[in-house]
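Single-letter residue listing:
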Amino acid sequence: MDVRKIPYSIGHFPLLSLLLCFLLYPPQFSSSSPVLCRREEELALLELKRFFTIDAADGTVPKTCSSLGQIPYEKTGSWPEGTSCCHRDEVTCDPSTDRVVGLDLSCAQLVGTVGTNSSLFTLTHLESLNLAFNDLSTSSISPQFKVIAGLSQLVSLDLSHKDNTGAQLELPNLEMVIGNLTKLRQLHLDYVVLINSTLPRSIINLYSLSSISLSNYNLLGEFPIEILNLPHLRALVVGCNTHLHANFSLLPSWSSPLEVLDFTLCNFTSLLPLSIGESMSLRTFTITGCNFYGSIPSWVWNTTQQILTSGNHFVGELPSSVNMSKLSYFTYLDMLNMMLSGAIPSWLFTLPSLNSLSFGVNQFTSLSEFMATNTSTSLEVLDLGTNNLQGSIPESIFSLVNLRRLVLDRNNFSSTVNFSMVSKLKSLEIFLLSGNSLSLIMPSENRNSTTPWPSFSFLGLSSCNLIEFPDLLRSQVNLRALELADNKLRGEIPRWLLDIGNVSLEILNLSHNSLTGTLE
């Protein structure tokens, strides 16, 4: 029957109306069923659980995990028998095959052993394995190491240890780890003991790698610089491998789209390349304590958040201008202990998010353009100590109202400084002026003064032409170190000086004055 030819309105026949709707538009029932765990993989996970104990009292693991934004908890404690493993938060299954493809037991407070006969290695369809930040220190994988190599579907592997203290997970050879893992995108083995292991050249054939983190103190030999041309690599962290060496001048350009680069304490005695690929979009650039030398290439100043180059052998001057449009979120610049010279450019003090600026132990001579306009108010750390800075200390430096640490000691400043300006810096904890040719004008002694001085922990006022003990010291209850050496202090040491800092004072230097009395 052609229902469209029925002469009556179907609204007059409710049951007939429902029947026609059912015939014309049948309901679509889902054919999917809950993902169930395969029996052999369920048993493998339960056996794995029995090899571990839980140590919720280990305070170092929660601290490490918390720093990464994770809350440690007993993940395997919620694994009762009789429930599908695919329903557990720590387990990921492929809905089309019911196979376990992901296992995340990071920060699970596990203590135990992952031996070569562990049931873990029967989960051969795993694509992601994360056992990071547990105590697997009793584990030592055999030299054959065919067990992890058998997990050939792995895309992400993280066995990172919590720190470099105590016993750690041992892997015999990195090449055995990665040799068969051709699909890897993330490889994280921080603080894992790699026994006599080099960073194998075969790693440059893992074209899918996007993140490498191998801070572990044990890598040896030549660093394969071609890593920096992997097409998808965004994070490369190989810090604290002091026996690695490389010559980056042999690689004229880098083409990886790197965002994070960390070579901390690697023995890279080399120039940096003068140019890099246009695809590189660095957020953090960390080469602290390496042996790089020469000038700092201009591309470094395109880094958008953090630059740490302290402890290298760079020379020359900083750029007088940069592309400020990329630096709205730049927070940290650490260039201590090098041989940089010339003027400290004013554009640095206009970065809106800058939190820490450290140029100590260099050869800078000028602050003449300091803080021209639009001074950043976010700066908390300013370290310009041990340079050759000359002339007056700009008064505008005391407009950086959020400073917690201000280090200007051991320069060639030669001016008069009104110490009352320091009262603007309410959060200042460390203030070092020692070793200049300054004359401090201290506020007149007034026991009823309500000036809200900062609460100092370190105060260095040596060689400041002081003729009396600053009265503001009376209110300092948190002092740990006080330097008043090489001034013009005379007479009896005031008894109230013994009360400052209460029990916190650890260092008191009054040498090279004309004082009498004792500190008993």
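So, how was this worked out
Residues numbered from 1 in each chain as written. Predicted model: local features only at pLDDT ≥ 70, side-chain atom pairs only at ≥ 80, totals over all residues. Heavy atoms only, no water. Pairing = 2+ DSSP bridges. Helix = DSSP H or I, 4+ residues; strand = E, 2+ residues; numbered from the N terminus. Core = buried A, V, L, I, M, F, W, Y, C linked by side-chain atoms within 4.5 Å. Buried < 20%, exposed > 50% of the residue type's maximum accessible area, 1.4 Å probe, protein only. Contact = heavy atoms within 4.5 Å. Phe/Tyr/Trp six-rings, centres within 6.5 Å; stacked < 30°, edge-to-face > 60°. Salt bridge = Lys/Arg side-chain N within 4 Å of Asp/Glu carboxyl O. Expected span 1.5 Å × (residues − 1). Disulfide = S-S within 2.5 Å.

Participant: Whenever I open this one, the sheet that holds strand β23 (residues 363-366) confuses me. Can you help?
Facilitator: The strands making up a sheet associate through hydrogen bonds between their backbones, and the pairing can be parallel or antiparallel. Spatially, the four strands line up as an open sheet ordered β17-β19-β21-β23, and their pairing is parallel. Of all the strands in the sheet, just β17 (293-294) and β23 have a single pairing partner and so form its edges. Pairing geometry for strand β21 (residues 339-343) and β23, over three bridges, is parallel. By the bridge assignment for β23, Gly342 is matched with Phe364.

Participant: What's the story with the nonpolar core in this structure? I'm lost.
Facilitator: Most often, soluble globular proteins keep nonpolar side chains buried together rather than apart. Formed by 133 residues in total, the largest nonpolar core has its most connected members in Phe223, Leu236 and Phe263. Those elements giving two or more residues to this core turn out to be α2 (39-50), β2 (91-93), β3 (100-104) and α5 (174-178). In contact with Phe223, other than residues within four places in its own chain, are Leu199, Leu236, Val238, Leu244, His245, Ala246, Phe248, Phe263 and Phe268.

Participant: Before we go on, may I ask you to explain the packing of aromatic side chains in this structure?
Facilitator: Centre-to-centre distance and the angle between the planes together describe a pair of aromatic rings. This structure, assessed with the given rule, holds 15 aromatic pairs. Look at Phe223 and Phe248: their rings are 6.0 Å apart centre to centre, the planes differ by 45°, and that puts the pair in the tilted class. Here Phe248 lies in the loop between β14 (243-245) and β15 (260-262) and Phe223 lies in the loop between β12 (219-222) and β13 (235-237), a separation of 25 residues in the sequence. Take Phe248: its relative accessible area is 0%, and that puts it in the buried class.

Participant: Before we go on, may I ask you to explain the sheet that holds β12 in this structure?
Facilitator: As summarised here, the arrangement of the three strands in space is β10-β12-β14, forming an open sheet in which the pairing is parallel. Of all strands in the sheet, those bounded by a partner on one side alone are β10 (197-198) and β14. Direction of pairing for β10 relative to β12: parallel, over a ladder of two bridges. Within β12, the residue paired with Ser197 across the bridge is Leu219.

Participant: Where do I start with the pairing of β12 in this structure?
Facilitator: Each regular strand carries side chains that alternate between the two faces of the sheet. Direction of pairing for β12 relative to β14: parallel, over a ladder of three bridges. By the bridge assignment for β14, Gly221 is matched with Leu244.

Participant: What is the right way to look at the environment of Arg234 in this model?
Facilitator: Mapped onto the secondary structure, Arg234 falls in the loop between β12 and β13. In this structure, Arg234 is in contact with Ser210, Pro257, Leu258, Glu259 and Val260, ignoring residues within four places of it in sequence.

Participant: Quick question: what am I supposed to make of the pattern of salt bridges here?
Facilitator: Inspection of the entire model under this criterion finds 10 salt bridges. The closest approach of N and O atoms between Arg88 and Glu42, which form a salt bridge, is 2.9 Å. Within this pair, whereas Arg88 is found in the loop between α3 (60-67) and β2, its partner Glu42 is found in helix α2, the two being separated by 46 residues in sequence. Residue Glu42 is classed as buried on the basis of its relative accessible area of 6%. Between Glu226 and Arg201 there is a salt bridge whose closest N-O contact spans 3.3 Å. In this pair, Glu226 is assigned in the loop between β12 and β13 and Arg201 in the loop between β10 and β11 (211-213), connecting sequence segments 25 residues apart. Overlapping salt bridges bring together Glu40, Glu41 and Arg99 as one network.

Participant: I would appreciate a short explanation of the side chain of Ser356 in the present structure.
Facilitator: Within the secondary structure layout, Ser356 lies in strand β22 (residues 356-358). Excluding residues that lie within four positions of it along the chain, Ser356 makes contacts with Thr331, Tyr332, Leu333, Leu379 and Val381.

Participant: Got a minute to help me understand α2 in this structure?
Facilitator: Residues separated by three or four positions in an α-helix point in the same direction, a consequence of the helix having 3.6 residues per turn. Relative to the 16 Å expected for 12 residues at 1.5 Å per residue, α2 spans 17 Å between its end C-alpha atoms, a close match to the ideal helical length. Among the residues of α2, those classed as buried are Glu41, Glu42, Ala44, Leu45, Leu46 and Leu48. Turning to α2, the residues buried within the fold contact β1 (52-54), β2 and β3.

Participant: I would appreciate a short explanation of the state of the cysteines in the present structure.
Facilitator: Structurally, a disulfide amounts to a covalent bond that connects the sulfur atoms of two cysteines. For the structure shown, the criterion picks out two disulfides. Note on cysteine connectivity: Cys37 is disulfide-linked to Cys85, with sulfurs 1.8 Å apart. When the S-S torsion is 75°, as for the bridge of Cys37 with Cys85, the disulfide is right-handed. Here Cys85 lies in the loop between α3 and β2 and Cys37 lies in the loop between α1 (14-24) and α2, a separation of 48 residues in the sequence. Cys85 matches Cys37 in its accessibility class, with the two residues each being buried. Here Cys86 is linked by a disulfide to Cys93, with a sulfur-sulfur distance of 2.0 Å. In this structure the cystine formed by Cys86 and Cys93 twists about its S-S bond by roughly -85°; its chirality is therefore left-handed. Under the relative-accessibility criterion, Cys93 is labelled buried at 13%. Among the cysteines around Cys266, which has no disulfide bond, Cys290 carries the closest sulfur, lying 5.4 Å off. Judged by its relative accessible area of 1%, Cys266 is buried. Judged by relative accessible area, Cys290 falls into the buried class, the value being 0%.

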